[in-house]
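A structural walkthrough
What follows is the residue order along each chain.
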Amino acid sequence: MSYVFDESALSQEIRKRGAKRVLLQFPEGLRYFSTELVQKLSSSLPDVEFLISGEPSWGACDVAEDEANLLRVDLLVHFGHSPYTWYYPKFPTLFVRAESTLELDDETISKLKNKLEEMKVNSVALTSTVQHASLLSRIKKALTPRFKVEIGRPSSPFMNDGQVLGCDYRSAMVEADVQVNVSGGLFHALGLGLATNKPVLKLDPYTKQVEDITPQVFKIMKIRYSKIMEAMDSTTWVIVQGLKVGQNRPLMVRSLESKLKSMGKKTFVVTSKVLNQDALRNLDRSYIDVFVVTSCPRLPTDDLYSYEKPVLTPGEAKMIITNKLEPYIFPW
Ligand code: SF4
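Here the structure is a predicted model, which means the values were calculated and not measured.

1. A closer look at the overall build of the protein chain
Of the regular secondary structure elements, the protein chain holds 11 helices and 15 strands. The C-alpha atoms of the protein chain give a radius of gyration of 21 Å, which matches the 20 Å a tight globule of 332 residues would have. Here the C-alpha coordinates of the protein chain stretch approximately 60 × 55 × 30 Å along the principal axes. Relative to its 332 residues, the protein chain shows a buried fraction of 53%.

2. Considerations on the sheet that holds strand 14 (residues 290–293)
Here we have four strands laid out as an open sheet, ordered 13-12-14-15, and parallel in their pairing. The sheet is open, and its two borders are formed by strand 13 (266–272) and strand 15 (311–312), each paired with just one other strand. Across two bridges, the pairing between strand 14 and strand 15 is parallel. Each residue of the ladder has a partner; that of Phe291, found in strand 15, is Val311. Here helix 8 (residues 250–262) sits on the sheet in contact with strand 12 (236–242), strand 13 and strand 14, set at roughly 170 degrees to strand 12.

3. A few points about the packing of aromatic side chains
With the rule as written, the count across this model stands at 11 aromatic pairs. Taking 6.0 Å as the distance between ring centres and 55 degrees as the angle between the ring planes, the aromatic pair formed by Tyr88 and Phe95 counts as tilted. Its relative accessible area of 40% is what places Tyr88 among the partly exposed residues. Each member of the aromatic cluster is reached from another via a ring pair, and the members are Tyr3, Phe5, Phe26, Tyr32, Phe33 and Phe79. Seen from the ring of Phe147, Arg146 lies directly overhead, with NZ or CZ sitting 4.4 Å from the centre. Directly above the aromatic system of Phe187 lies the positively charged group of Arg298, at a separation of 3.8 Å from the ring centroid.

4. Quick look at the UniProt feature "coiled-coil region" (unreviewed entry) in the protein chain
Under the UniProt annotation, "coiled-coil region" (unreviewed entry) lies at residues 102–129. Regarding residues 102–129, the helix share stands at 46% and the strand share at 21%, and the terminal C-alpha atoms are separated by 13 Å.

5. Quick look at the pattern of salt bridges
Tallied over the full model, the rule gives 22 salt bridges. Lys20 is the partner of Asp47 in a salt bridge, and the nearest nitrogen-oxygen pair spans 3.2 Å. You can see Asp47 sitting in the loop between helix 2 (34–44) and strand 3 (49–52) and its partner Lys20 sitting in the loop between helix 1 (7–17) and strand 2 (21–25), a full 27 residues away along the chain. As a salt-bridge pair, Glu28 and Arg31 come within 2.9 Å of each other at their nearest N and O atoms. Judged by its relative accessible area of 34%, Glu28 is partly exposed. Take Arg31: its relative accessible area is 17%, and that puts it in the buried class. Bridged by salt links that share partners, the residues Glu7, Glu36 and Lys40 form one connected network.

6. Thoughts on unusual backbone geometry
Outside of glycine, negative phi angles account for most residues, and trans bonds account for most peptide bonds. The omega torsion across Glu326 and Pro327 is -5 degrees, close enough to zero to call that bond cis. Relative to the elements of secondary structure, Pro327 occurs in the segment after helix 11 (314–321). The phi dihedral of Asp6 is positive, around 50 degrees, even though this residue is not glycine. Here Asp6 lies in the loop between strand 1 (3–4) and helix 1. By relative accessible area, Asp6 is classed as partly exposed at 44%. Even without glycine at this site, Lys120 takes up a positive phi of about 55 degrees. Owing to a relative accessible area of 71%, Lys120 belongs among the exposed residues under this scheme.

Calculation criteria
Residues numbered from 1 in each chain as written. Predicted model: local features only at pLDDT ≥ 70, side-chain atom pairs only at ≥ 80, totals over all residues. Heavy atoms only, no water. Helix = DSSP H or I, 4+ residues; strand = E, 2+ residues; numbered from the N terminus. Rg over C-alpha atoms; globule rule 2.2 N^0.38 Å. Buried < 20%, exposed > 50% of the residue type's maximum accessible area, 1.4 Å probe, protein only. Pairing = 2+ DSSP bridges. Contact = heavy atoms within 4.5 Å. Axes fitted to C-alpha atoms, helices over the stretch in contact; angles between N-to-C directions. Phe/Tyr/Trp six-rings, centres within 6.5 Å; stacked < 30°, edge-to-face > 60°. Lys NZ or Arg CZ within 6 Å of the ring centre and 35° of its normal. UniProt positions renumbered as here; feature names shortened; annotations may be inferred. Salt bridge = Lys/Arg side-chain N within 4 Å of Asp/Glu carboxyl O.

Next up, the structure:
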């Protein structure tokens, strides 16, 4: 498995910026390559000091600006993501996408075609994570003209056509019978199903498998609706405000707070950098009925779904506030 780090372009950019101390930040899956990369960069930039951030970084929203300030580096290099839709760092930061070099063989494309035939669909929306963006045009070419294929415009100029994030599926909001997502794991594909309310096929470039994950999406949606129903008549809400740079959404917090108050609800705002069941339990009291998380909307759906009280996404809170239970809104 390998990724394009484009060391020579990166070295040139670091030299151009005159940086002498550089912090490198990687998502979990790419940190494995960090020491090797430092060796390569150091050979062309022997006078530059490189530091590797060992802190978790879960998304483009989570840029290590605080760490970079604390360590007094000149430049931060963030790998594996394009800039986040709703936040651009104030600290000098370079984004290196680290695209995967994996190719798709004819057999995998045939599996996809067969699956689409089986489903008797005519139109397809194609999306991917940033790592596999270059595969979309090849898939589109292979499926056309048998199927009408749409690759939607992204929500920011920093993203590729068809690119999705765990909390941003706007490039998938096109007319299509089925969503096809190119990614490893289930994270992005499940979110895609929740966001579009459409059948989802996942094409995994690592395993070369094509899987219909619609039943898994329905299962999650059922759980989400049970949380919404439980929260409908609740009185006391805790609104969680994120403290990671890209997860701090004060306007969203204010808006939820004022709408809930106007409905006669009692609200508390709690700030949080890392949210898990223990953090909720330490804060929880019998009179607290429901939590709504404005930091990362994947926490309620992926991590906190088994908490004993409803933990909602902003989209789910909106469904309650507007008293409109259909369609299911994800994530905002
Ligand atoms: S807020 Fe959550 S889903 Fe969105 S980019 Fe950050 S970690 Fe990913």
